[in-house]
Amino acid sequence: MSRQPLDLTINGESYQLMVEPHWSLLQVLRRELGMTGTKENCLEAECGVCTVLLDGKAVNSCILLAEQARGRSIVTIEGLGDPEHLHPLQRAFIDHGAVQCGYCIPGMILTAKSFLDECRGHVPSEAEVREALSGTLCRCTGYQKIVEAVIAAARQLNSWPEEAGRAS
Ligand code: FES
Ligand code: FES
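Residues numbered from 1 in each chain as written. Chains lettered and ligands numbered in written order. Predicted model: local features only at pLDDT ≥ 70, side-chain atom pairs only at ≥ 80, totals over all residues.

Examining the domain arrangement of the chain
How big an interface is tends to be expressed through the accessible area that disappears when the partners come together.
Working step 1: Looking at the chain, the domain boundaries give domain 1 (4–79) and domain 2 (88–162).
Working step 2: Each of domain 1 and domain 2 has a C-alpha centre, and these two points are 21 Å apart.
Working step 3: The interface of domain 1 with domain 2 comprises 14 residues on the first partner and 13 residues on the second.
Working step 4: Those elements giving two or more residues to the side of domain 1 that touches domain 2 turn out to be strand E3 (51–54) and strand E4 (57–60). (Domains from an automatic or database assignment. Contact = placed C-beta atoms within 7 Å. Helix = DSSP H or I, 4+ residues; strand = E, 2+ residues; numbered from the N terminus.)

Remarks on the pairing of strand E2 (residues 13–19)
Working step 1: Burial of E2 is sparse: only 0 of the 7 residues sit out of reach of the surface.
Working step 2: Here strand E1 (residues 4–10) pairs with E2 via 7 bridges, running antiparallel. Looking at the pairing, Asp7 lines up with Gln16 of E2.
Working step 3: Turn length for the E1-E2 hairpin, with the two strands adjacent in sequence and antiparallel, is 2 residues, and the turn residue Asn11 shows positive phi of about 55°. (Buried ≥ 20, exposed ≤ 12 C-beta atoms within 10 Å, placed from the backbone. Pairing = 2+ DSSP bridges.)

A few points about the environment of Pro124
Working step 1: In this structure, Pro124 sits in the loop between helix H3 (105–119) and helix H4 (126–132).
Working step 2: For the pair formed by Pro124 and Met108, sequence separation is 16 residues and the distance between their alpha carbons is 16 Å.
Working step 3: Contact partners of Pro124, with chain neighbours within four places excluded, come to Cys119, Val129, Ile151 and Ala154.

Re the environment of Leu86
Working step 1: With respect to the secondary-structure elements, Leu86 resides in the loop between strand E5 (73–75) and helix H2 (88–95).
Working step 2: Since 16 C-beta atoms lie within 10 Å of it, Leu86 is described here as partly exposed.
Working step 3: Aside from chain neighbours lying at most four places away, what touches Leu86 is Gly81 and Arg91.

Quick word on the pairing of E4
Working step 1: Two strands pair when backbone bridges link them, and E3 and E4 are joined in this way by 4 bridges, in the antiparallel orientation. In the sheet register, Leu53 faces E4, and the bridge partner there is Ala58.
Working step 2: Counting the residues between successive antiparallel strands, the hairpin from E3 to E4 contains 2 residues, one of them, Asp55, with a positive phi of roughly 50°.

Some words on the nonpolar core
Working step 1: In terms of nonpolar packing, the biggest core is built from 45 residues, with Phe93, Met108, Ile109, Ile146, Val150 and Ala153 touching the most fellow members.
Working step 2: With 8 residues, the single largest contributor to this core is helix H5 (residues 144–157).
Working step 3: Two domains each provide a minimum of three residues to this core, namely domain 1 (4–79) and domain 2 (88–162).
Working step 4: Sequence-distant contacts of Val150, defined by excluding residues within four places in its chain, comprise Ala112 and Val129. (Core = buried A, V, L, I, M, F, W, Y, C linked by C-beta atoms within 7 Å.)

Topic: the packing of H3 against H5
Working step 1: Their axes nearest at 11 Å, the elements H3 and H5 cross at an angle of 45°. Considering their axes alone, H3 and H5 lie oblique with respect to each other. Judged by the sense of rotation from one axis to the other, the crossing of H3 with H5 is right-handed. Residue-level inspection shows Met108, Ala112, Leu116 and Cys119 of H3 in contact with H5, the latter providing Ile146, Val150, Ala153, Ala154 and Leu157.
Working step 2: In terms of residue class, the contact of H3 with H5 is built from 9 nonpolar, no polar and no charged. (Axes fitted to C-alpha atoms, helices over the stretch in contact; angles between N-to-C directions. Parallel < 35°, antiparallel > 145°, perpendicular 65-115°, else oblique. Left-handed = near helix turned anticlockwise from the far one by under 90°. Nonpolar A, V, L, I, M, F, W, Y, C, P; charged D, E, K, R; others polar.)

What follows is the structure, given as structure tokens:
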């Protein structure tokens, strides 16, 4: 099958690519662009480690064709913050000891980001956070510290200036 041109907007930057029509967004991110912060595991929308934001909503990039992201805004974990300007979710995960092996964490944080955006200033309950994160699996942490980190970030975000990160 021959490659076709595809323009993607990732973390606010434009990329011109040549892709096979059947390639997933995950494949393009990791193998064509070297954005390995987005993880790869089940490839069946079961584990959530491949989660990115598409127009602000959390999606499994393993089951999304790259072509389906044309003209839309993609945010990966590389675009959420950087070591000098961590997003409050990233800071909270560190502060609460919510990271062990780390493999699930990019997907977990981006899923939480999409969820907290929907909360619009409401600090969610533990049950609400657990429900929101239920599609993202973690083999290490037992989830409690992750849930606590998300709630702490929700409180922090209520008083957090938009310009403090690249992809608020
Ligand atoms: S790799 Fe996409 S959901 Fe598991
Ligand atoms: S921290 Fe290891 S899978 Fe979640």
